[in-house]
Amino acid sequence: MATYAIGDVQGCYDALRRLLDIVEFDPPRDTLWLVGDLVNRGSQSLAALRFVRNLGDAAITVLGNHDLHLLVVAAGYSRQHRGDTLDDVLRAPDRDELLHWLRRQKLMHASDGYAMVHAGLLPHWSITLALALAREVEQVLGGEDHDELLCLMYGNEPHAWRDDLTGYDRLRVIVNAMTRMRLCSADGVMEFRHKLAPVAGTMPAGYMPWYDVARRASAGTPIVFGHWASLGVLLREDVIGLDSGCVWGRKLSALRLDDRRTFQCGCGALKSTASRQ
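Residues numbered from 1 in each chain as written. Predicted model: local features only at pLDDT ≥ 70, side-chain atom pairs only at ≥ 80, totals over all residues. Heavy atoms only, no water.

> Describe helix α6 (residues 127-141), naming the residues involved and giving the relevant values.
The end-to-end C-alpha distance of α6, which contains 15 residues, comes to 21 Å, matching closely the 21 Å that a straight helix rising 1.5 Å per residue would cover. Residues of α6 that are buried: Ile127, Ala130, Leu131, Leu133, Ala134, Val137, Glu138 and Leu141. The buried residues of α6 occupy one face: seen down the axis, they fall within an arc of 165°. The exposed set on the far side of α6, more than 90 degrees from its buried face, consists of Thr128 and Gln139. (Helix = DSSP H or I, 4+ residues; strand = E, 2+ residues; numbered from the N terminus. Expected span 1.5 Å × (residues − 1). Buried < 20%, exposed > 50% of the residue type's maximum accessible area, 1.4 Å probe, protein only. Arc of directions from axis to C-beta.)

Pasting the structure below:
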């Protein structure tokens, strides 16, 4: 019995199946944690969605920005962007069932001493608070008012958390932090433009990776995340980044949480490595 956390799939279904073969994943026995972005940019979004949904309780996935983008496009509130590959889902005969399932996935998950979120957590959020905030979004997204949330979800403002935020401003900040953020300031102002690796001297002045903010309230629990392909695999005691750029021709990565062993599968021709960290 093992738990495997897997980085951004982004429609790379074949790579996901190869990686699961490498780790000898057994659904009745093992559990998958997926860091979000099941869909988009890769060519097999429909297959990836169907496969993860059909795993039932054997898979726990959190929503990523590309998953939310699919929901917004499907609702008619945005067009596809250049490079999007969502047509197979949008034209599928089981489209409505898949979107219904996707809307009911978590924004954040925590169990067995780990937490998982697609992008990051703001520095003032403890794990307990962040889970409660995620539930606020999940309740609306999975409920009757989901359409209004999808209509109003996009936007960079407010760019920081305040306890007195209400309504869709409040929900937008939660979504942006958990599905889009890479950098923030020491007092939690989010920055959304920087996508490169966090090399000193290349980041905007005053900003840093969200996980490097001093005295971060969530620091006591290891956080598994994705979203940052240029960062690659990051294995630290307190944070585990697993987006290794599979959709860009690099690798899909998995971490067995029980012993922190990593597994990787190349996203072109079949090739894999496994290393103990």
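Once you've had a look at it, read on.
> Hey, could you go over helix α5 (residues 95-103) for me, with residue numbers and the actual values?
Turning to α5, its buried residues number three or more, namely Leu98, Leu99, Trp101, Leu102 and Arg103. Looking at the buried side of α5, the elements it contacts are α2 (45-54), β3 (59-61), α3 (65-74), α6 and α7 (146-152). (Contact = heavy atoms within 4.5 Å.)

> Summarise the pattern of salt bridges; cite the residues concerned and give the values.
Under the defined criterion, the tally for this structure stands at 13 salt bridges. The shortest N-O distance in the salt bridge between arginine 50 and aspartate 94 comes to 2.9 Å. Of this pair, arginine 50 sits in helix α2 while aspartate 94 sits in the loop between α4 (87-90) and α5; the two residues are 44 residues apart in sequence, bridging distant segments of the chain. Owing to a relative accessible area of 29%, arginine 50 belongs among the partly exposed residues under this scheme. The network of salt bridges with shared partners includes Asp212, Arg216, Arg236 and Asp238. (Salt bridge = Lys/Arg side-chain N within 4 Å of Asp/Glu carboxyl O.)

> Report on the packing of helix α1 (residues 13-22) against α2, specifying residues and quantitative values.
The geometry of a pair of packed helices is captured by two quantities: the angle between their axes and the separation between those axes. Where α1 contacts α2, the two axes come as close as 8 Å, and the packing angle between them is 40°. Between α1 and α2, the angle falls in the class oblique. Counted together, Tyr13, Leu16, Arg17 and Leu20 of α1 and Ala47, Ala48, Phe51 and Val52 of α2 form the full contact between these two elements. Looking at the contact of α1 with α2 residue by residue, the class counts come to seven nonpolar, no polar and one charged. (Axes fitted to C-alpha atoms, helices over the stretch in contact; angles between N-to-C directions. Parallel < 35°, antiparallel > 145°, perpendicular 65-115°, else oblique. Nonpolar A, V, L, I, M, F, W, Y, C, P; charged D, E, K, R; others polar.)

> Describe the state of the cysteines, listing the residues and the values that go with them.
A full pass over the atoms with the stated rule returns one disulfide. Note on cysteine connectivity: cysteine 246 is disulfide-linked to cysteine 267, with sulfurs 2.0 Å apart. Looking down the S-S bond of the cysteine 246 and cysteine 267 bridge, the torsion is -120°, so its handedness is left-handed. A residue pair is termed long-range when its members are at least 10 positions apart, and cysteine 246 in the loop between β11 (239-241) and β12 (251-256) and cysteine 267 in the loop between β13 (261-266) and β14 (272-276) qualify at 21 residues. A residue is classified by how much of its surface remains accessible, and cysteine 246, at 3% relative accessible area, is buried. (Disulfide = S-S within 2.5 Å.)

> Describe the pairing of strand β4 (residues 108-111), with residues and values.
Judged from the four bridges that link them, β4 and strand β5 (residues 114-117) form a sheet pairing that is antiparallel. Residue pairing in the sheet places alanine 110 in a bridge with alanine 115 of β5. Counting the residues in the hairpin turn of β4 and β5 gives two residues, including aspartate 112, whose phi is positive at 55°. (Pairing = 2+ DSSP bridges.)

> So what's going on with the pairing of strand β2 (residues 31-34)? Which residues, and what values?
Going residue by residue along β2, you find Thr31 and Trp33 tucked away on one face and Leu32 and Leu34 tucked away on the opposite face as well. Here strand β1 (residues 3-6) pairs with β2 via four bridges, running parallel. When the sheet's bridge partners are listed, isoleucine 6 is paired in β2 with leucine 34. After leaving β1, the chain enters α1 and then returns to the sheet as β2, a path that is right-handed. Across three bridges, β2 lies against β3 in parallel orientation. Note that in β3 the partner of leucine 32 across the bridge is alanine 59. (Right-handed = clockwise from strand over helix to strand, strands pointing away.)

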